[in-house]
Every structure is written in structure tokens, then in C-alpha cells.
Amino acid sequence: MRKNFKTILTALVALSFLILAFIIGSCCDDCPVGPVQPKPYNGWLYAIDMQNRWVYKIDVENDSLVDSVYYETTRRSVPGTIDVSTDGRFLAVGYYDLVNGVRFTRIYDAQTLDTLTDLADYNIPVFIPDQDIMIGIGQRLRIYSLPDFTIVHEEATSLSAYPIVNIKNDLVFMNGAVNPEHVESTFIYSYDYVNREIEREWYFRDKHDSIVFVTAFDINKDGTKIYCLNYSNLDGTMVTCYDLETEEIIFSYPIFSWTGSVRLTPDEEYLYVTEPGDLAYYGNPGTVYILDANDGSYIEGISLFGYAPNPFHPLYATPIVFTPQGHKAYIGSGKVVLESGTISVIDTESRDVIENIWPDLGHFISDLKIGPKIK
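How each quantity is defined
- What you see as residue numbers is a count from 1 along each chain, following the sequence as written.
- Under the rules for a predicted model, residues below a pLDDT of 70 receive no local features and side-chain atom pairs below 80 are neither given nor counted, while totals for whole chains, interfaces and linings still include all residues.
- Neither water nor hydrogens contribute to the side-chain values; these are computed over all heavy atoms in the structure.
- Secondary structure follows DSSP: runs of H or I at least 4 residues long count as helices, runs of E at least 2 residues long count as strands, and numbering of each begins at the N terminus.
- Buried, partly exposed and exposed residues are distinguished by accessible area as a fraction of the type maximum, computed with a 1.4 Å probe on protein chains only: under 20%, between the cut-offs, and over 50%, respectively.
- Contacts are assigned to residue pairs with any non-hydrogen atoms lying within 4.5 Å of each other.
- To measure how exposed things are, a 1.4 Å probe is used in the Shrake-Rupley method; for residues, cover is taken only from the protein chains shown.
- Strand pairing is assigned whenever DSSP identifies at least 2 bridges connecting the two strands.
- A fitted line through C-alpha atoms represents every axis, and for helices the fit uses only the stretch in contact; the resulting angles, taken between N-to-C directions, go from 0 to 180 degrees.

A. Here's a closer look at the overall build of the chain. Across its full length, the chain holds one helix and 28 strands. Each of the 375 residues in the chain was classed as buried or not, and the buried ones make up 50%. Pairs at least 24 apart in sequence give 44% of the contacts found in the chain among residues at least 6 apart. Here the chain has roughly 18500 Å² of accessible surface; of this, 54% comes from carbon and sulfur atoms.

Here's what the structure looks like:
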């Protein structure tokens, strides 16, 4: 009897282990697991340094500087604006020489930074995804075909800047000015790059029905809302969201200065705002504002103090760019007349500055773009 009991007990224990193994094996695909860390975006961050006149290429996977290019001839040419094609083939950089008046646009291989060709005149470049064209915005608007960069269309335009591509509607939104010396002449217009014509113009107004001066903006993916950094004599500087169809104000949020930037996160839930203050003025809140993109409510601020040698001076941040998945934000900073800046890497989940590409500063980062690595 004792022998039989021992045999039965052994069998029960064995059966218990089999059942446990079955349960573990069957639920491993369905049972909740700990949070999976997102893989870093496999791409490059391109940065314009106005202070040192370098164009940098940074590995987004580990936030390390891997390459740079510097244009030098007998004249001093400064890189101004930059864009990279979505397929990762081309990098366009507009150069200008304020002393000699020389302006041109250089096309680099985006992977190697080898020079491919130079285009006459200074262009604010914007590559159009899946269209094999680049729009160059300067004294004239030009459309270049790729990969040979021949001009296929050209037309006169007002002074324009800050192009934002809206792929869904085949539009490029731009900040225009009939006369830059008059605030009332500034406007936003949308350019249809398929039909090659201006689709619509907007002269936005403040709550007192006065036309505002728009200095930076972003557009949502549907092309229904515009998020502006604007100034008016009555309301001062505001971050304002307008309905593009009705031109009505959705929300406004007051800030310090109008020289910064605004960018929607890729999921369009939040709006990041920077404001470096006036060029010759030290005053700066030293904060990256994070606003709710739907109602403009203040969510959180990221402090930019504690990185400059003077504890009373923050980083003077302007350009913002996100990785495509939105896990990281890169914010460029610096001023020629004040303490120099760097590129700050921000974890968008914790909303912390996790790294500065140049901890010792010494740079003035004026433009940032992200593009893919290709073999």
C-alpha cells in the first residue's frame, strides 16, 4: 500500500509539472510582459551650425557625431537652410555670403556628404516625398526634377520662408511677405506643387481683429489646423492655433518672444514651443513649452537652465525636430552675440534632456532635419 501511495504521489507531482509547463507555454504569447523599449530610429540627424559654418551628420541611434562638411573658398559662405530627401539620397544646403552677395545651393550625397552639384542662387530647399522633385524657395520659386536637379518650373513669388509640406493635400505651406518692413503684409499661403499654383492665402488676425505677424508655424497632417508663433501690437506674442477653413482662433497661449519655433509631435497630441528671446537680449524663460495640441493647455516645461557656464543663462533654443516615431526630440540652441549652444536630445516620454551633443556648447544650431540611412 505504501509503495502504491508513493507511486501515485510521484505520478501526481509529475502531472503537476506537466500542467504547469503547459500553462506557461500556452500563455507566453498572450500574457502581459514588461514595457518593450523602442528601437532607436535608424537614421541621420543633419544640423546647420551658423556660428562655425559647418554642416553636421549625427547618428540618431547613438547620438554621436560621425561626419561634417565645411564650404570654404576665398569668400566666406554661411549655410542657412537645409533639407534631406525622404529616400535618403540627397541633402540640400543653401549658402549665402553677406559680404560679397554670393548665393548658391549645394547638393550633397546625404549618406557620404560628397558634393554632387551646385545650383545657382540661394534656395530654401524642400523635398517632396514620392514626387521626385525639390522646390527651391528664394528670389523665385523653382521646381527641380530629381535626380538631375534640372529646373522644370519657375515663377516669381513674394519673399517666402519656412516651408511645411502637407503630403495629404499635395501642398507646401509658406510664410510670405509682400513687404517685410510692414507687419500687415505678412501672410501664409499654400502652394499646389502638382498643379503648380497658389491654392489659397491667409492673413490671420488676433482677438481684436488686427492682422498678426506670423514668424513660425506648423500644419497638422489633415491640413485643417495651423499652429502659429505670432505677434500683434495689441496681444503681444502668442502661440495661436487657427482653423484653416474658417480662420477662427481655436486657442491662444501667451509667450515671451516671437523668435522661436513650434512643432507638432508625430502623433499630433502635443505642441513643442521654443523661444530664444530677442537676438541682443538676455531675457529668456529657458523652457521648452509642451502644450496640448487640441486646446492649448500647458502640459509641462523642459528646463534649459544648468547647461551654460553662467547659471542665470539658459540654452537659447530654436529649431525642433522629432524622430519619425516621436520617441526623441532634438532641439538646437545658440546665439552669436551670447553664450553658444548645442543640440539637446530629449526623451519625449520622460520629457527630460538626456544628452547634449556638445556638452561644452560652442555652437549656434539654426536648422535641423532627420533622414534615413541607406546602404
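B. Geometry of the sheet that holds strand β14 (residues 186–192). The strand order across the open sheet built from four strands is β12-β13-β14-β15, with neighbouring strands paired in antiparallel fashion. Where the open sheet ends on each side, the last strands, each with one partner, are β12 (159–166) and β15 (197–202). On average, adjacent strands in this sheet sit at an angle of 25 degrees to one another, irrespective of strand direction. As paired elements, β12 and strand β13 (residues 171–177) share six bridges and run antiparallel to each other. What sits directly across from A161, in β13, is N175.

C. Molecular detail of the environment of D132. Inspection of the secondary structure puts D132 in the loop between β8 (124–128) and β9 (133–137). Since its relative accessible area comes to 46%, D132 is described here as partly exposed. Not counting residues up to four positions away in its chain, the partners in contact with D132 are R89, Y144, S145 and L146.

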